[in-house]
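In case you want the letters, here they are:
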Amino acid sequence: MVKYFLGQSVLRSSWDQVFAAFWQRYPNPYRYVALERAVLPPSLFGDRSVGPGETRHRVRGRASSEPLWPSLGKHVLTEDIVHREVTPDQKLLSRRLLTKTNRMPRWAERLFPANVAHSVYILEDSIVDPQNQTMTTFTWNINHARLMVVEERCVYCVNSDNSGWTEIRREAWVSSSLFGVSRAVQEFGLARFKSNVTKTMKGFEYILAKLQGEAPSKTLVETAKEAKEKAKETALAATEKAKDLASKAASKQQQQRQHFV
């Protein structure tokens, strides 16, 4: 039995903007990438500094192993473009290898040796059709397949109600061949997938806002931090006010005593 997911999302940005943001999604406060490696044909974007089959390495962000958003952890570790070509009918075909971290539930960790890597390797194939303004992506994990396989298909197209918006149609299939607990694994995988979709959309919106020169919406961590600081300020102000009132009350009592004396 396979768990199936079908969803639809809308980004309030044009297809061209979403297409540009798609390749710049990492890093963002919801998804962090430590290292990106790319194999780029020199004729693709007019880049003559990289020859066919040559690999360009570049580290995004700071030149250290610390994440840009350490409180949110590292989810996307590496991003590798292993193949890219433009077809005769002007479609862009790409294949990327992503390395992600996904913490297993405790009951699943007991089923695997301690030395088994917790990183998940994911292949992503994409087909971009600029003439029809569509982009289709296929992703699936290539390790831990015995535990669970998550396959996803996304179609990015112009929204039918607003040509300035982009619609994302998302399908996913979650399966497991683990005897005896496959249903529990599939339920867990589907729940985690839905949670990751929410983070993916938030990350998309964050990057789109930055690319368009807008102030990105605050992350949950930033909002919580501001609320905590505001609460501290309010508590401090209340303490100072209480001290002031207590001081005035003590002064008034002292004056009354002196008056009776």
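Structure shown above.
Residues numbered from 1 in each chain as written. Predicted model: local features only at pLDDT ≥ 70, side-chain atom pairs only at ≥ 80, totals over all residues. Heavy atoms only, no water.

Draft legend 1. Highlighting the overall build of the chain. When you go through the chain residue by residue, the secondary structure sums to four helices and nine strands. Each helix and strand of the chain, ordered N terminal to C terminal, gives the series β-α-β-β-β-β-α-β-β-β-β-α-α. Burial statistics for the chain: of 261 residues in total, 37% are counted as buried. Contacts in the chain between residues far apart in sequence, at least 24 positions, make up 59% of those at least 6 positions apart. When the accessible surface of the chain is summed, it comes to about 16,100 Å², and 54% of that surface belongs to carbon and sulfur atoms. (Helix = DSSP H or I, 4+ residues; strand = E, 2+ residues; numbered from the N terminus. Buried < 20%, exposed > 50% of the residue type's maximum accessible area, 1.4 Å probe, protein only. Contact = heavy atoms within 4.5 Å. Areas by Shrake-Rupley, 256 points an atom, 1.4 Å probe, with all protein chains shown as cover.)

Draft legend 2. Inspection of the packing of aromatic side chains at higher detail. Tallying each qualifying case throughout the model produces seven aromatic pairs. The ring of Trp23 has Arg84 lying over it, and the distance from NZ or CZ to the ring centre is 4.6 Å. (Phe/Tyr/Trp six-rings, centres within 6.5 Å; stacked < 30°, edge-to-face > 60°. Lys NZ or Arg CZ within 6 Å of the ring centre and 35° of its normal.)

Draft legend 3. Region of interest: the nonpolar core. If you look at the biggest cluster of nonpolar residues, it comprises 27 residues, and the most contacted ones within it are Leu11, Tyr156 and Phe204. Elements with a contribution of two residues or more to this core: β1 (3-11), α1 (15-22), β8 (149-158), β9 (166-175) and α3 (182-211). In terms of residue count, α3 provides more of this core than any other element does, nine residues in total. Residues within four places of Leu11 in sequence aside, it is in contact with Val18, Trp165, Thr166, Ile168, Met201, Phe204, Glu205 and Leu208. With five residues, the next largest nonpolar core counts Tyr26, Leu98, Val120 and Ile122 among its residues. (Core = buried A, V, L, I, M, F, W, Y, C linked by side-chain atoms within 4.5 Å.)

Draft legend 4. Inspection of the pattern of salt bridges at higher detail. One pass over the structure, following the stated rule, counts nine salt bridges. The shortest N-O distance in the salt bridge between Arg25 and Glu124 comes to 3.6 Å. Note that Arg25 is positioned in the loop between α1 and β2 (35-38) and Glu124 in strand β6 (residues 119-129), a separation of 99 residues in sequence. Salt bridges here are not isolated pairs; linked through shared partners, they connect Arg25, Glu79, Arg96 and Glu124. (Salt bridge = Lys/Arg side-chain N within 4 Å of Asp/Glu carboxyl O.)

Draft legend 5. Region of interest: the environment of Val86. Residue position: Val86 is located in strand β4 (residues 76-86). Judged by its relative accessible area of 40%, Val86 falls in the partly exposed class. Along the backbone, Val86 and Val128 are 42 residues apart, and their C-alpha atoms lie at a distance of 9.4 Å.

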